[in-house]
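The chain contents come next:
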Amino acid sequence: MSTTSTAAYSTGWASIVVGISNLGLNEWAILIGIGCTVGTFAINWYYKRKEFQLMQAQAHLEDD
């Protein structure tokens, strides 16, 4: 990795850390709420998809 690349990555990570450290309680609550909402959506989608696949497989077995 070149020196320029290392400096660029270091500057990028430093700006992210500074941005995160400046968040107040309200901003943290919003970010956590968004994260929980996305996580809930992903988990529900996964299990509904599995349920649909199971029902589809059962229907296919009944047809035979």
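Below or above, wherever it landed, is the structure these notes cover. Nothing here was measured: the structure is a model prediction, and the numbers come from that model. (Residues numbered from 1 in each chain as written. Predicted model: local features only at pLDDT ≥ 70, side-chain atom pairs only at ≥ 80, totals over all residues. Heavy atoms only, no water.)

**A closer look at the packing of aromatic side chains**
Inference 1: Counting across every chain of the model gives 1 aromatic pair.
Inference 2: Look at tyrosine 46 and tyrosine 47: their rings are 5.1 Å apart centre to centre, the planes differ by 85°, and that puts the pair in the edge-to-face class.
Inference 3: Tyrosine 46 gets classed as partly exposed once you look at its relative accessible area, which sits at 38%.
Inference 4: Accessibility expressed as a relative area gives 54% for tyrosine 47, which makes it exposed. (Phe/Tyr/Trp six-rings, centres within 6.5 Å; stacked < 30°, edge-to-face > 60°. Buried < 20%, exposed > 50% of the residue type's maximum accessible area, 1.4 Å probe, protein only.)

**Looking at a nonpolar patch on the surface**
Inference 1: Together, Tyr9, Trp13, Ile16, Ile20, Trp28, Ile30, Leu31, Ile32, Ile34 and Val38 give the surface a local cluster of nonpolar side chains, amounting to about 1,100 Å² of exposed area.
Inference 2: Contributions of two or more residues to the nonpolar patch are made by helix H1 (3-21) and helix H2 (25-63).
Inference 3: For the nonpolar patch, the leading source of residues is H2, giving 6 residues.
Inference 4: On the secondary structure map, isoleucine 30 appears in helix H2. (Patch = residues over 30% accessible without salt bridge, like charges linked within 9 Å, V, L, I, M, F, W, Y side chains within 5 Å. Areas by Shrake-Rupley, 256 points an atom, 1.4 Å probe, with all protein chains shown as cover. Salt bridge = Lys/Arg side-chain N within 4 Å of Asp/Glu carboxyl O. Helix = DSSP H or I, 4+ residues; strand = E, 2+ residues; numbered from the N terminus.)

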